[in-house]
Each structure stands twice: as structure tokens, then as C-alpha cells.
Amino acid sequence: TMKKHCIRLAIIIIATFGITSCIVYHPHNAELPLLHKQGQMQAEGSLSMSAPLLVSPAINASFAYSPINKLATQAAVSITDFKNLYAQGAAGTYFPFGKAVLECYAGYGYGISYFDHRSESQTKKYYIDGHYNLVYGQVNFGWAELSDGDFDIGVGLKGGIMSPRWDKISI
């Protein structure tokens, strides 16, 4: 039936999102600012770890500001294990609906990646080094300033085109 096909398709899409990545690029998360009025500013900082086995510690920071009504700006940076760096900037607009808000952004990101696979136990030893450019669009939807302004909840969808330049060097 149609319902079973839709459920199967949803499972495939969710599984695909859960396993997509590579050894030198990992998707970067930035705060969903959910801006909804002129002059609003948000700053955020965090520490994170990647699977498997909670490796690759990262320091993340983001900043968002609405300088004029309906204009949103955002910047974010992520430094992973002090060898990988990613920074992005975006501009967009927002549409408040009471406590709900819809945001739309267009942005650019630049990253530097490094992965070393030269352990003594490996027969093939190499490292991968390079950089990438990312042009993206993002849509966020959520509810801002819930529970007397102390709580926001939202979801975002980000998609883009990446242009990598990586070198694999065998030793």
C-alpha cells in the first residue's frame, strides 16, 4: 500500500542521513537562532565529540544578529582536535508567526581538513590534507521564547554544494 511505501522511503532517507560522512569531512552544526525581531542577538558556545568512541573533540561557537527588521545574519566556527577548522557566514530573513518563526538563510562555509592514518599497526600508511568550500541554503522552523523566554525549540534543514580539494599522500 501507499502508506507502507511512504514509511519505507522515510526509513531509507533517515538511515541515509545517519550514515553519510567521510573520514575528512563531517557535517557541522550551528545554533538555530530563531530570530524574530529587530535588534535581537544570540551567541552560543559548545564542546562536542564525534563517534565512534567519542573521539575528535570540537570547540564550536556561533553568533546571530538581526540588524534591521526581517534581516538575519549568522556566523559560526568549529575547531576539531586543533587540526580541522570550519567557518561559515550566512544572511537571510525570518517570518514570525506569534511564538513560531520561519528562517531562511543562504551562506558560505570554508573548511580545512586533516586526517592521519599512519599508525604502526597499519600496512598502508597515508594522510589526507586539504580544504573545501561549501555554498548552502538552510531553512529553520521553531518556537522562540517559550516558558518566559528561557526556552526555544526548533528544527533546521541545511543542504548545499561542496567543492573539495584534498590530497592523499601515501608513505
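Structure: see above.
Residues numbered from 1 in each chain as written. Predicted model: local features only at pLDDT ≥ 70, side-chain atom pairs only at ≥ 80, totals over all residues. Heavy atoms only, no water.

Asks: Quick question: what am I supposed to make of the overall build of the protein here?
Replies: In terms of regular secondary structure, the protein is built from 2 helices and 7 strands. For the protein, the N- to C-terminal ordering of α and β elements is α-β-β-β-β-β-β-α-β. Burial analysis of the protein (171 residues in total) assigns 26% to the buried set. Carbon and sulfur atoms provide 65% of the accessible area of the protein, an area that totals close to 11200 Å². (Helix = DSSP H or I, 4+ residues; strand = E, 2+ residues; numbered from the N terminus. Buried < 20%, exposed > 50% of the residue type's maximum accessible area, 1.4 Å probe, protein only. Areas by Shrake-Rupley, 256 points an atom, 1.4 Å probe, with all protein chains shown as cover.)

Asks: I tried to follow the environment of Leu47 on my own but got confused; where do I start?
Replies: Examined against the element boundaries, Leu47 turns out to sit in strand E1 (residues 41-50). For Leu47, a relative accessible area of 72% puts it in the exposed group. Separated by 12 residues in the primary sequence, Leu47 and Ile59 place their C-alpha atoms 4.8 Å from one another. For Leu47, the residues in contact, after removing those within four places along its chain, are Ala58, Ile59 and Asn60. (Contact = heavy atoms within 4.5 Å.)

Asks: Looking at this structure, I do not really get the pairing of strand E3 (residues 71-80). What am I missing?
Replies: Consecutive side chains of a regular strand alternate in pointing toward one face of the sheet and then the other. Residue alternation in E3 divides its side chains into a buried set, Ala72, Gln74, Ala76, Ser78 and Thr80, and an unburied set, Leu71, Thr73, Ala75, Val77 and Ile79. Bridging between E3 and strand E4 (residues 84-97) involves 10 bridges; their strand directions are antiparallel. Counted as the bridge partner of Ala72 is Gly92 from E4. Between E3 and E4, which pair antiparallel in sequence order, lie 3 residues; one of them, Asp81, sits at a positive phi of approximately 40°. (Pairing = 2+ DSSP bridges.)

Asks: I tried to follow the side chain of Ser62 on my own but got confused; where do I start?
Replies: Here Ser62 shows up in strand E2 (residues 55-65). Judged by its relative accessible area of 8%, Ser62 falls in the buried class. Residue contacts for Ser62: discarding those within four places in its chain leaves Glu31, Gln42, Ala43, Glu44, Ala75 and Ala76.

Asks: Quick question: what am I supposed to make of the packing of aromatic side chains here?
Replies: Any aromatic ring pair is given by two values, namely how distant the centres are and how the planes are angled relative to each other. One pass over the structure, following the stated rule, counts 2 aromatic pairs. When the ring of Tyr86 is compared with that of Tyr132, the centres are 6.1 Å apart and the planes differ by 15°; the resulting orientation is stacked. Separated by 46 residues along the polypeptide, Tyr86 in strand E4 and Tyr132 in strand E6 (residues 126-145) bring together distant segments of the chain. Residue Tyr86 shares its accessibility class with Tyr132, and that shared class is buried. Considering the side-chain rings of Phe141 and Trp143, the 5.1 Å spacing of their centres and the 80° angle between planes classify their relative orientation as edge-to-face. (Phe/Tyr/Trp six-rings, centres within 6.5 Å; stacked < 30°, edge-to-face > 60°.)

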